[in-house]
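Geometric and topological summary
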Amino acid sequence: MKRRVSLFVSCLVDQIRPEVGLASAQVLERAGCEVEFDPRQTCCGQPAFNAGHRAEAACVARSFLDVFHGKETIVAPSGSCAAMVTHMAQLFPEDSVEAERARSVAQRTFELSAFLVRELDVLDLGARFEGSVTWHDACHGLRELGLHDEPRALIQHVAGAELVEMPAAESCCGFGGTFSVKHPEISVAMLDTKLDSLRGREVDALVSGDVSCLMQIGGRLQRQGSPLRTLHLAELLVAR
Amino acid sequence: MSGSLLPSERFEENARAALADPVLHGALARATELFGERRSGALAQVPEWEALRERARVIKAETLAQLDVHLERLEANLVRAGAVVHWARDGQEACRIVEGIARESGARRLVKSKSMTTEEIGLNHALEQAEGQDREPVETDLGEWIIQLAGETPSHIIVPAIHKTKAQIAELFVEKLAVEHTDDAAELTRTARRILREHFAQADLGISGVNFAVAETGTLLVLENEGNARMTTTLPRVHVAMMGIEKVIPRLSDLALFLRLLPRSGTGQHLTSYQSLLTGVKRSPEDEGPEALHVVLLDNGRSAMLKTEVTRQSLACIRCGACLNACPVYREVGGHAYGSVYPGPIGAVITPQLSGLAKAGKLPFASSLCGACRDVCPVKIDLPQLLLHLRSEVVEGGRMPHARDRVERGLEGFIERVTFRLWRHAVSGPRRYRAASYFARFVPHALLTRFGPLGTWSAGREAPRLARRSFRELWKARP
């Protein structure tokens, strides 16, 4: 029987990199899932939560829960948004309906690579990419969801792709939500330090699981006129 | 850049100055990387590391939940061992207590070993300024001594002179000590040792910090690598130990655990070169040790942190400095930018609680919330959770700290509040979201990059653009 999956694309994918959402749906379908997209969805509330605006975050989280509490399985192409779902309950009183919903939805929400590898046990999606790629560990996926081997295993099963590890793979790219506009110089300096560690390595594409990091990294590379491409994992996994 | 504390209110400016200093940047990068590597190396030999961290977290949490009981027990056992115990509500009171001890004991020459708590309360300055005293203690930890000679403040909890290069230290020695120039680290150290030994020989009062205070025995543990703390606490006839009230641990046997965690996390050592376990005063003239021991128990804002379970974690810190070395923000800007003797992630958590959100409310925002600090913390303090908690306190207090003065702060805070409120309206319902998304596509990109939040973004990065069609439109059009 096909597993029914509800896609939570995240506001950034919806508005800025919609092709990542399409690729995610395609990947899930190739993995044998039936994918639905509920157009009532908007955002998980993370921008406000991380900036300290809890009342606003709670309001947005409530509408997220309205949409998703009835879904069996929720998959997001973002470690950061998936991790936010695990924090949602704390925005509401302990014994409220919302907190109960948040705890239950958190159990059923997965980041894309975690879902493919841990839940479906799928590694090979029949993708092909000629070139060398390096993986950027987005912080919340790595440190809150414990994703490390999963995306790498998926990349290693892409025909033609060679995974070249970046020494500072696990260092923050400097995005950090509002941090990137409140502290632009530090944010960029953090990224430059990270990218410096790639020096001397032949890499065609930098791949990550979060569009937010890719906006930061891609924006800097573009400004520097670098030929290095940035790709979301889902885009790599549908490449043929 | 200045080598001293700058105001926390000016974090952005401080950080910018640090980023523009290539020498500082190089020194920081080398040192934090080295300590990070040493730590990983030391941990690799302790397979049960995670279990040790969890035990330490539990012991700290249990102790802090009943801090008053443990402190009273500590006091009783300190007194039994011959110590005099002083309670200090704040830094000023603590400084006055030490001034009084120095005056009453007739101490003329003071030495001091490394102690962040004394840095926190500005003890050296207070002793220097105290009326008719002029008894500034000589710092005897090599790094602290260098900083004292340079008239600066520490920029790291464990490695106070982390921001200084060997070449800068060599120059400093020539200037301040009138010695011949040398770039040889061993030779520089020999010079320091020679001069510091003279200070030790003459000192009649020694001031130290405390790493752990054991309630059941009244024993103080001081960790170090140079032997200077051993001398500070045993050679002079009077020893003053300054400790925050959170340093108490219940049992002597708990030390076995914390001694495995602290040196490995701090310097990547299996154990520090010296561990001084100090219990009371000397009992007979042949004994080693001071004739008098004074222990100052400092609150200075700590008891306020006990109030909630979230903030209470801040007091579990054992000051290893691992979170500084792991923090990508600290690695870029160094310790002085934080304007606090406690920099980095733990500093961004403790400082606003010690000196108030009005003064240090910017610090919790000086983080990308990457969580590297939480991963390395040997007592598992959830630093990102604390940073988020303090951010919401700042916001709810209506004090937006990202501005230079009150007027601007008010305006900037107002703009941020309005922005998030508008955003909330736009994204908490599908119809409003669709409408906002529709109209946003009519806003010229140049307008956003010039005036909006994308303005600061696009100084170093190309700003992201809205896709021509959103995912939901594309999905709808899917065959």
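Residues numbered from 1 in each chain as written. Chains lettered and ligands numbered in written order. Predicted model: local features only at pLDDT ≥ 70, side-chain atom pairs only at ≥ 80, totals over all residues. Heavy atoms only, no water.

Regarding the overall build of chain B
We count it as follows: A run of H or I in DSSP becomes a helix once it reaches four residues, and a run of E becomes a strand once it reaches two; helices and strands are each numbered from the N terminus. Throughout, the radius of gyration refers to the C-alpha atoms, and the reference size of a globule is 2.2 Å times the residue count to the power 0.38. Contacts between residues were defined by any pair of non-hydrogen atoms, one from each residue, lying within 4.5 Å. Per-residue and other accessible areas were derived by the Shrake-Rupley procedure at a 1.4 Å probe size, with only the shown protein chains allowed to occlude residues.
In terms of regular secondary structure, chain B is built from 25 helices and 10 strands. In terms of overall size, chain B behaves like a compact globule, its C-alpha atoms giving a radius of gyration of 25 Å where 479 residues would be expected to give roughly 23 Å. Taken along its principal axes, the extent of the C-alpha atoms in chain B is 95 × 55 × 50 Å. Taking as baseline every contact in chain B between residues at least 6 positions apart, the subset at least 24 positions apart corresponds to 73%. Accessible surface computed for chain B: about 21,000 Å², of which carbon and sulfur atoms make up 52%.

Brief notes about the overall build of chain A
Stated formally: The rule is simple: take the accessible area with a 1.4 Å probe, protein chains only, and divide by the maximum for that residue type; under 20% is buried, over 50% is exposed, in between is partly exposed. In this tally Asp and Glu are treated as negative and Lys and Arg as positive; neither His nor the chain ends contributes. Every charge is mapped onto a representative atom, which is NZ of Lys, CZ of Arg, CG of Asp or CD of Glu.
Across its full length, chain A holds 13 helices and 8 strands. Taken against the 2.2 N^0.38 rule, which gives 18 Å for 240 residues, the C-alpha radius of gyration of chain A at 18 Å falls within 12% of a compact globule. Taking the principal axes of the C-alpha coordinates as reference, chain A spans close to 55 × 45 × 25 Å. The burial tally for chain A puts 67% of its 240 residues in the buried class. Expressed as a percentage of contacts within chain A between residues at least 6 apart in sequence, the contacts between residues at least 24 apart total 78%. Total accessible area on chain A is roughly 8,600 Å²; 49% of this is exposed by carbon and sulfur atoms. Taking the 24 positively charged and 32 negatively charged side chains of chain A as two groups, their mean positions are separated by 2 Å.

Section: the domain arrangement of chain A
Residue and element names in this part refer to chain A. How we decide: Start and end positions for the domains come from either an automated domain assignment or a database one. Put simply, buried area is how much 1.4 Å-probe accessible surface two parts lose in total, over both of them, once they are put together. Salt bridges are defined as contacts in which a side-chain nitrogen from Lys or Arg sits within 4 Å of a carboxyl oxygen from Asp or Glu. Each polar contact in these results corresponds to two N or O atoms within 3.5 Å; when the atoms are within protein, one needs to be able to donate a hydrogen and the other to accept it, and residues that are neighboring in sequence are counted only if both atoms are side-chain atoms.
Split by domain assignment, chain A resolves into domain 1 (3–117) and domain 2 (124–238). Put simply, the middle of domain 1 and the middle of domain 2, counted by C-alpha atoms, are 22 Å apart. Listed by partner, the interface residues are 28 residues for domain 1 and 23 residues for domain 2. Taken together, both faces of the contact between domain 1 and domain 2 bury some 2,100 Å²; the carbon and sulfur share is 69%. Taken together, the links from domain 1 to domain 2 amount to 1 salt bridge. Two residues, glutamate 235 and arginine 17, come together in a salt bridge whose shortest N-O distance is 2.9 Å. Along the contact surface separating domain 1 from domain 2 lie 8 residue pairs in polar contact (both at pLDDT 80 or more). Of all the secondary structure elements, the ones that give two or more residues to the side of domain 1 that touches domain 2 are α1 (11–15), α2 (18–30), α3 (46–51), α5 (79–87) and α7 (112–119). If you tally residues by element for the side of domain 1 that touches domain 2, the top one is α2, at 7 residues.

Side note on the packing of helix α3 (residues 49–65) of chain B against helix α12 (residues 254–266) of chain B
All names here are of chain B. How we decide: Helix axes are fitted only over the stretch in contact, all axes being lines through C-alpha atoms; the angle between N-to-C directions runs from 0 to 180 degrees. Working definition: roughly parallel below 35 degrees, roughly antiparallel above 145 degrees, roughly perpendicular at 65 to 115 degrees, and oblique for all remaining angles. Handedness of a crossing follows from how the near helix is turned relative to the far one, being left-handed for an anticlockwise turn of less than a right angle and right-handed for a clockwise one. Here the term charged refers only to Asp, Glu, Lys and Arg, the term nonpolar to Ala, Val, Leu, Ile, Met, Phe, Trp, Tyr, Cys and Pro, and the term polar to all other amino acids, Gly among them.
In contact at an axis separation of 10 Å, α3 and α12 are set at 120° when each is read in the N-to-C sense. Taken as axis vectors, α3 and α12 run oblique relative to one another. For the pair α3 and α12, the sense of crossing is left-handed. Judged by residue contacts, Trp49, Leu52, Arg53, Arg55, Ala56, Ile59 and Lys60 of α3 engage Asp254, Leu257, Phe258, Arg260, Leu261, Arg264 and Ser265 from α12. The residue inventory of the contact of α3 with α12, partitioned by class, reads 7 nonpolar, 1 polar and 6 charged.

Regarding the packing of aromatic side chains
What counts here: Stacked, tilted and edge-to-face are the three classes assigned to paired rings of Phe, Tyr and Trp, where Trp is represented by its six-membered ring and a pair needs centres within 6.5 Å; plane angles under 30 degrees give stacked, over 60 edge-to-face, the rest tilted. Whether a charge sits over a ring depends on NZ of Lys or CZ of Arg being within 6 Å of the ring centre and within 35 degrees of the ring normal.
For the coordinates displayed, the defined rule picks out 15 aromatic pairs over all chains. Summarising the aromatic geometry, the rings of Phe8(A) and Phe64(A) are spaced 4.9 Å apart at their centres and angled 80° between planes, so their arrangement reads as edge-to-face. Of the two residues, Phe8(A) sits in the loop between β1 (3–7) and α1 while Phe64(A) sits in helix α4 (residues 54–68), which places them 56 residues apart along the sequence. Exposure class is identical for Phe8(A) and Phe64(A). Each is buried. Ring geometry for Tyr438(B) versus Phe439(B): centroids 5.2 Å apart, planes at 80°, classification edge-to-face. The residues Tyr438(B) and Phe439(B) share a single accessibility class, namely exposed. Looking at Arg38(B), its charged tip hangs above the ring of Phe35(B), at a distance of 5.6 Å from the centre.

Quick word on the sheet that holds strand β1 (residues 83–88) of chain B
All names here are of chain B. Which entries qualify depends on this criterion: Here the rule is simple: two strands pair whenever DSSP picks up at least two bridges between them.
Strand order in the open sheet formed by 6 strands is β1-β10-β7-β4-β2-β3, and the pairing between neighbours is parallel. Edge positions in the sheet fall to β1 and β3 (138–139), since each has one partner strand and no second. Examined bridge by bridge, strand β2 (residues 110–112) and β3 share 2 bridges and lie parallel to one another. Pairing of lysine 112 across the sheet is with glutamate 139, part of β3. Helix α4 (residues 67–80) contacts β1, β7 (238–244) and β10 (292–298) of the sheet and is inclined by roughly 145° relative to β1.

Considering the pattern of salt bridges
Counted according to the given criterion, the structure contains 42 salt bridges over all chains. Here Lys182(A) makes a salt bridge to Glu416(B), at a shortest N to O gap of 3.2 Å. Residue Lys182(A) is located in helix α10 (residues 179–182), and its partner Glu416(B) is located in helix α21 (residues 406–427); the two belong to separate chains. Owing to a relative accessible area of 16%, Lys182(A) belongs among the buried residues under this scheme. We note a salt bridge from Asp382(B) to Arg374(B), for which the minimum N-O separation is 3.2 Å. With a relative accessible area of 22%, Asp382(B) lands in the partly exposed category. Taken together, the shared-partner salt bridges in this structure form one network comprising Arg4(A), Glu34(A), Glu36(A), Asp38(A), Arg40(A) and Lys71(A).

Concerning the packing of helix α11 (residues 184–196) of chain A against helix α12 (residues 211–224) of chain A
Residue and element names in this part refer to chain A. Following both chains from N to C, one finds α11 and α12 inclined at 80°, their axes separated by 11 Å at the closest point. One finds that α11 runs roughly perpendicular with respect to α12. For the pair α11 and α12, the contacting residues are Ser187, Val188, Leu191, Asp192 and Leu195 in the first and Gln216, Ile217, Arg220, Leu221 and Gln224 in the second. Its residues assigned to classes, the contact of α11 with α12 comprises 5 nonpolar, 3 polar and 2 charged.

Observations regarding the pairing of strand β5 (residues 128–136) of chain A
Residues and elements named next belong to chain A. Taken across its 9 residues, β5 has 7 buried, putting it largely inside the fold. Two elements, β5 and strand β7 (residues 205–208), share 4 bridges in a ladder whose sense is parallel. The partner of tryptophan 135 across the bridge, within β7, is valine 207.

Observations regarding the side chain of Gln269(B)
Residue and element names in this part refer to chain B. Relative to the assigned elements, glutamine 269 resides in the loop between α12 and β9 (274–279). A distance of 2.9 Å separates the side chain of glutamine 269 from the side chain of asparagine 225, its partner in a polar contact. Within the structure, glutamine 269 has its side chain in polar contact with the side chain of threonine 267 (distance 2.6 Å).

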